Structure formats: C-alpha cells, structure tokens
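Topology and contacts: notes
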Amino acid sequence: MAVRACGLIIFRRLQSAPSSKVTDGIEYLLLQTSYGTHHWTPPKGHVDPGEDDLQTAFRETQEEAGLQANQLTLIEGYKKELHYPVRGKPKTVIYWLAEVKDCNTEIKLSEEHQAFQWLKLEDACKFAEYEDMQATLKEAHLFLSSKE
C-alpha cells in the first residue's frame, strides 16, 4: 500500500508587478524541512484516518504554515498527483493550487520546518530539487497563465 500525502501549492500575487502579464507577479511558498536533507517543499503531509485528501491538504497547510482555509482561495481545475519511492516504499502525493487572499499574510512555521521563502517560478524550481516538483510548479504556473 502506497503512503499517501496531500498538500497545497500556495501562491500569492504581488500587486506591484509592473509587467503586463499577471503571472510575472506570482510567488510560490516553499518551506524548508528541519529534518533530513533540509529540502524545500510546499506544505504537505500524510492523510489521517477518516480524512479526505483535500481536508488533509488544508490541515497540513494550517499546521505547517499557519494558513487557515479561510485565508486561501482554492483554484478550481488544478490537481496534480505525484508518485515516487521513499526509502523503497511507494509514495503518492496529491497537490492542489491555492492563492493567499492577502499577500501580506504572516506565515507561522511548525517545528517540522526551519525556514520559508516566497519565490518566483524560476527560483522556486531551483529550491525544489526534485524534478517532479519542479515540473509540478511549472505546470501550475502554466495553468495560472492560461486562466489570465
């Protein structure tokens, strides 16, 4: 049985973007783990018994970044499922896309993370070392571009 985790790719739009393209003002939230290789990732975590996947994504975002569901707008039509092995066991991670309603909302980290950054797509991809996470960020960005 694959380990199942769910999370949200959180983004904000900077109002001061001078560019004509809305997506140029978008930054993604990545959290740096305080364990292991200190990798950078969107908020995510394991599904608890009795929870559905989306509930897990919102709960984990609240626990790991201090963002409440009412501070976020879920973007309809985007859902990404990743499959990869962790210590020899299959893992499935499902991400949705959500926008912070107020781009100045405070991020409050849990003990699981030691730092956070708001990053433009190119930098977010540099921080997210895993190729499938980089591809997911690019895909989410394209999805947002197509909705402009």
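Here's what I pulled together on the structure shown here. Please read these numbers as outputs of a predicted model, since none were measured by experiment. (Residues numbered from 1 in each chain as written. Predicted model: local features only at pLDDT ≥ 70, side-chain atom pairs only at ≥ 80, totals over all residues. Heavy atoms only, no water.)

1. Observations regarding the environment of Gln68
Relative to the helices and strands, Gln68 resides in the loop between helix 1 (53-65) and strand 5 (72-86). Of note is the side chain of Gln68, whose polar atom sits 3.3 Å from the side chain of Gln62. (Helix = DSSP H or I, 4+ residues; strand = E, 2+ residues; numbered from the N terminus. Polar contact = N/O pair within 3.5 Å; in protein donor to acceptor, adjacent residues only side chain to side chain.)

2. A closer look at the pairing of strand 6 (residues 89-100)
Most of strand 6 is tucked away: 10 of the 12 residues are buried. Strand direction decides the pairing type here: strand 1 (residues 3-13) and strand 6, joined by nine bridges, are parallel. Each residue of the ladder has a partner; that of Arg4, found in strand 6, is Thr92. Relative to strand 6, strand 5 is paired through 11 bridges, and the arrangement is antiparallel. The residue of strand 6 that forms the bridge with Leu72 is Val100. In this antiparallel pair of consecutive strands, strand 5 and strand 6, the connection spans two residues, and Arg87 shows a positive phi of 50°. (Buried < 20%, exposed > 50% of the residue type's maximum accessible area, 1.4 Å probe, protein only. Pairing = 2+ DSSP bridges.)

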